[in-house]
Structures are given as structure tokens and as C-alpha cells.
Amino acid sequence: TRTTGTGSLAEGINAGGLEIRYQQLLRQIQAVNPNFQAPATIGPPGAGRSTGEVRYLENVLQARQQYPNQPQRMEEHHITPLYLGGARTSPTVPIDAAQHEVITQQMRQQMPFGQQPPSPVQVQQFLQDFYSRNPLPPSIMQQYFPKRP
């Protein structure tokens, strides 16, 4: 969800609230991981923050709270994990180390190692479903998992 720019008071309040929440979350994350890099914004310049951007930061903060001893660094996450057929050279996204741990653990619970390899179609469906519940930065989600009409 993003404001449409019609200028209504409700939209202005919503946009302001999203920006405030985004900045609060970003400060909290950077307090525990000074190396955290905020992802690129989505939408046209001046469009304000999206709920997806705020949700992404909420997930990062929850991961930091769940795994406080993870290194204070960004790690490269393969969008299609190697064990699901992704190549070492396949696209990656920099994510917080604690979030990387959460995503890895949840992914392995839902599609464990050592099973018969899923088909490419099954992998794509799994990843789309998984990342809809455990989002990557919204700019990455738009690029690799565009919404279907």
C-alpha cells in the first residue's frame, strides 16, 4: 500500500505515519547492527514509503531480537538457495545476518535438505509463497516476484 498522491488529509497522515515508523525501525536496527544498509526505496521519487518497506524493517528487527548474537554485518542471500538448485552465480541480495539466519532456518524447515529435488516449477512456487510470508526488500520482491494480474 502506498499513498496515491491525491493530497487528501488521510493520505498525508498515512504517508507521514509510514515514514515515521520506517525511520524508527531503521534507527533501532542500526543501533544493534551499525552495518545495516537500508534497501532502495520503491516507487517514484517523493512517493513516500510503502507498507512493504515498513514490514521488511519490522522483520529485520524481529530477527535481530531473535538472534542478538549474530554478527553485525550484511550477508549475501541467494534468492534461489543453492540447495534448491540456485547457482553460485545466481542473484543475491544483501540482508542482515540475523535475518539471514531466520530465513535460512524457516526455509529448511519448510523444504528440508535430503529430499528428492523439487522441480523448477515447484521451486518457483515455493519461493514465491515463502517470500510472500518472509519478504526480502520490496525492490527485490518487485524485480524477482512481480505480482500477477
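These figures come from a predicted structure and were not determined experimentally.

> What's the story with the environment of Tyr-131 in this structure? I'm lost.
With respect to the helices, strands and loops of the structure, Tyr-131 is situated in helix H4 (residues 120-133). Taking relative accessible area as the criterion, Tyr-131 reaches 0% and is therefore assigned buried. Distance in space between the C-alpha atoms of Tyr-131 and Met-107 is 9.7 Å, their sequence separation being 24 residues. Contact partners of Tyr-131, with chain neighbours within four places excluded, come to His-77, His-78, Ile-79, Met-107, Leu-136, Met-141 and Phe-145. Of the polar contacts made by the side chain of Tyr-131, one reaches the side chain of His-77; its length is 2.7 Å. A polar contact is formed between the side chain of Tyr-131 and the backbone oxygen of Ile-79, at a distance of 2.8 Å.

> It is not clear to me how helix H2 (residues 51-66) should be interpreted in this structure. Could you clarify?
The periodicity of an α-helix, 3.6 residues per turn, causes residues three or four places apart in sequence to face the same way. Over its 16 residues, H2 extends 22 Å from the first C-alpha to the last, a length consistent with the 22 Å expected when each residue adds 1.5 Å. Within H2, burial applies to Glu-53, Val-54, Tyr-56, Leu-57, Val-60, Leu-61, Ala-63 and Arg-64.

> What am I meant to see in the packing of aromatic side chains here?
Tallied over the entire structure, the rule returns three aromatic pairs. Consider the rings of Phe-130 and Tyr-131, whose centres lie 5.4 Å apart with planes at 75 degrees: the pair is edge-to-face. According to the relative accessible area criterion, Phe-130 is buried, its value standing at 0%. In textbook terms, an aromatic cluster arises when at least three aromatic residues are bridged by ring pairs, as seen for Phe-126, Phe-130 and Tyr-131.

Conventions adopted
Residues numbered from 1 in each chain as written. Predicted model: local features only at pLDDT ≥ 70, side-chain atom pairs only at ≥ 80, totals over all residues. Heavy atoms only, no water. Helix = DSSP H or I, 4+ residues; strand = E, 2+ residues; numbered from the N terminus. Buried < 20%, exposed > 50% of the residue type's maximum accessible area, 1.4 Å probe, protein only. Contact = heavy atoms within 4.5 Å. Polar contact = N/O pair within 3.5 Å; in protein donor to acceptor, adjacent residues only side chain to side chain. Expected span 1.5 Å × (residues − 1). Phe/Tyr/Trp six-rings, centres within 6.5 Å; stacked < 30°, edge-to-face > 60°.

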